[in-house]
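This is what each chain is made of:
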Amino acid sequence: MERARITVFDTTLRDGEQSPGCSLNVQEKLRLAHQLDRLGVDVIEAGFPIASEGDFAAVQAIAGTIRRPIIAGLARACSPDIERAWQALKSAARPRIHVFLATSEIHLQYKLKISRQQCLEQARDSVRLAKSLCADVEFSPEDATRTDHEFLYRVLEAVVEAGATTLNIPDTVGYSMPEEFGELIRNIRQRVPDSVTISAHCHNDLGLAVANSLAAIAAGARQVECTMNGIGERAGNASLEEIVMAMRVRPDRYPYETGVIADQLFPSSQLLSDLTGSAVQANKAITGRNAFAHEAGIHQDGMLKNPLTYEIMTPQSVGVPDSTLVLGKHSGRHALGLRCEQLGFQFDRRELDEIYRAFVVLADKIKHVEEHHLLELIQIHRSQEGRSTAGRILQGHVGTTPVVAGQSYIHTSMPVPHAAEHNSPLHPAIDHHADQEDYLWGV
Ligand SMILES: [Zn+2]
């Protein structure tokens, strides 16, 4: 069966970055944008250029550097915003101006203090202006799900006439229910020409952002707006990795394709949490550190007999390093080096020795050294060494933010030995011979 293609519009750098504690500087945004390019998203919303000099610079840098995906910049429905967005975007190979204006009665009355007629005209005029600058124009009626439907359809028809090519329907406050949102999308789909793409932008205030996005797709939306790890305002946006893997695991119910390269999901998630310093919740679907933890837990016996007993997708399929192999104190230097490489780091012998010594001390205290422990050891090592001598990052998988004190018990209870401590009896690693260290993985 022919599968419809869903455009994945990533707004990690705009809506995601707006969330508390997730601010990024220009270099960090550029680095994440490169990873989103590797991940295969179709659109990168790089920022809100008029919001700050930093946002402008980030959008401009991304537009000038990343050529494959469409680069979008956000603008309110007014000329200074639209012109500023265009200034930032104009060097892009495939620029898109994303104009938004609230349409719900509550926003018109209390926030914008304009009438419906004024709203309609402002939406139409701003899309017309954006269209005069850029062929690709997206329009979002903010708070669409709390907007009077008849008025919403009128606004959408007016902006399509003015040149909008994508109509994004935001559930700005995370209020909608899946069947209700699907019905709204279906009604809009029937009213606008087929050449116009309908998009969904769902927030997670009731934990329904992904469910609503999937309902929208089933109802005819062909673009989804989402973020890595579901970061975003308040409870966040729809999670990119969950939407993509839902369609991949259940093509019988959701026969749609995306351009996302699934084994880049975990590295993207790791990079984002590293750059923002905000960890992914352990039980987060797809990218949380426990998402595949049954492999080392009580389901292990079934897993070893047949992974399908407990697995609807493999960790490898989303880029999680093979977690059937558990690092313990009997693990060797070679095994440790291999795991570091799987996590995106390559170390020379001396560096690996240092991390190995810290690893063995830790493995003596806790039974299994998990990936997040290892990542913390690596980060501590790197923050002590300084970037110039620390491990070379492969593909930018994991970033450089030092572990924040208080988030890591390793940091406080597990000092990492320096080279000077090489002969300390506290560090039994020095007795290990490299040749004997290679095949001692526990399962
Ligand atoms: Zn939003």
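Right above here is the structure, for reference.
Every chain is numbered on its own, with residues counted from 1 as its sequence reads. Residues qualify for local features only when their pLDDT is at least 70, as the model is predicted, and side-chain atom pairs are given and counted only at 80 or more; totals for whole chains, interfaces and linings, by contrast, use all residues. As a convention, hydrogens and water are excluded, and side-chain values are obtained from all of the structure's heavy atoms.

Can you walk me through the overall build of the protein chain in this structure?
Here a strand is any run of E in DSSP of at least two residues, a helix any run of H or I of at least four, and the numbering for each starts at the N terminus. A tally of regular secondary structure across the protein chain gives 16 helices and twelve strands. Looking at the protein chain residue by residue over its 443 residues, the buried ones come to 56%. Any two residues having at least one pair of non-hydrogen atoms within 4.5 Å are treated as being in contact. Restricting to contacts in the protein chain with at least 6 residues of sequence separation, those with at least 24 account for 74%. For accessible areas, the Shrake-Rupley method is used with a probe of radius 1.4 Å. Any residue's cover is judged against the shown protein chains and nothing else. Total accessible area on the protein chain is roughly 18,800 Å²; 52% of this is exposed by carbon and sulfur atoms. Burial status follows relative accessibility: with a 1.4 Å probe on protein chains alone, a residue under 20% of its type maximum counts as buried, one over 50% as exposed, and anything between as partly exposed.

Teacher, can you tell me more about the coordination of the zinc ion here?
Ideal values for angles at a metal depend on the geometry: 109.5 degrees with four tetrahedral donors, 90 or 180 degrees with six octahedral donors. Coordination of the zinc ion by the protein comes from Asp15 (OD), His201 (NE2) and His203 (NE2), over a distance range of 1.9 to 2.2 Å. Spacing between the donor residues of the zinc ion along the chain follows D-x185-H-x1-H. We classify His201 as buried; its relative accessible area is 5%. Overall, His203 belongs to the buried group, its relative accessible area being 3%. A donor here means any N, O or S atom no more than 2.8 Å from the metal (3.2 Å for Na, K and Ca); water is not included, so a site may seem to lack partners.

What is the right way to look at the pattern of salt bridges in this model?
Side-chain pairs of opposite charge can arise where the charged atoms are in close proximity. Salt bridge, as applied in this entry: a Lys or Arg side-chain nitrogen positioned within 4 Å of an Asp or Glu carboxyl oxygen. Taken as a whole and judged by the stated rule, the model has 22 salt bridges. In this structure, Lys284 engages Glu242 in a salt bridge whose closest nitrogen and oxygen atoms are separated by 2.5 Å. With Lys284 in the loop between helix H11 (265-276) and helix H12 (300-305) and Glu242 in helix H10 (residues 240-249), the pair connects residues that are 42 residues apart, well separated along the chain. For Glu242, a relative accessible area of 22% translates into the label partly exposed.

Teacher, can you tell me more about unusual backbone geometry here?
Outside of glycine, negative phi angles account for most residues, and trans bonds account for most peptide bonds. In the Ramachandran plot, Asp143 falls in the positive-phi region, its phi being about 60° despite a non-glycine side chain. Residue placement: Asp143 occurs in the loop between strand S6 (137-142) and helix H7 (149-162). Taking the relative accessible area as the measure of exposure, Asp143 reaches 0% and is therefore buried. One non-glycine residue with positive phi stands out, namely Asn229, at about 60°. Within the secondary structure, Asn229 sits in the loop between strand S9 (223-226) and H10. For Asn229, a relative accessible area of 13% gives the class buried.

Can you help me understand the layout of surface pockets in this one?
Picture a little ball the size of a water molecule; that probe, rolled over the atoms, points out where space is still empty. By volume, the second largest pocket amounts to about 440 Å³. For each structure, a 1 Å grid was placed over the protein atoms alone; sets of points admitting a 1.4 Å probe that cannot get out are labelled cavities, open sets with protein on both sides within 12 Å along at least five of seven lines are labelled pockets, and lining residues have an atom within 4 Å of a point. Lining the second largest pocket are 25 residues, with Arg14, Leu74, Phe100, Lys111 and Glu142 positioned closest to its centre. Of all elements in the fold, only helix H1 (12-16), strand S4 (70-76), strand S5 (95-102), helix H5 (105-112), S6 and strand S7 (166-171) reach the threshold of two or more residues within the lining of the second largest pocket. A total of four residues in the lining of the second largest pocket trace back to one element, the largest contributor, which is S5. Grid points are joined across faces, edges and corners, and a volume is the space filled by probe spheres set on the points.

Help me out: how do you make sense of the sheet that holds S7 in this one?
Backbone hydrogen bonds are what pair the strands of a sheet, in a parallel or an antiparallel way. Read around the closed barrel, eight strands run S2-S3-S4-S5-S6-S7-S8-S9, paired in parallel fashion. Between one strand axis and the next, the sheet turns by 25° as a mean value, whatever way the strands run. Both strand S2 (residues 7-10) and strand S3 (residues 43-47) contribute to a ladder of two bridges, which runs parallel. By the bridge assignment for S3, Phe9 is matched with Val43. Note on geometry: axes are C-alpha line fits, over the in-contact stretch for helices, and angles between N-to-C directions span 0 to 180 degrees. Contacting S3 and S4, helix H3 (residues 53-65) runs over the sheet at an angle of about 150° to S3. Across the sheet, helix H8 (residues 178-191) lies against S7 and strand S8 (197-202), angled at about 160° from S8, the strand it touches most. Think of it this way: DSSP has to see at least two bridges between two strands before they count as a pair.

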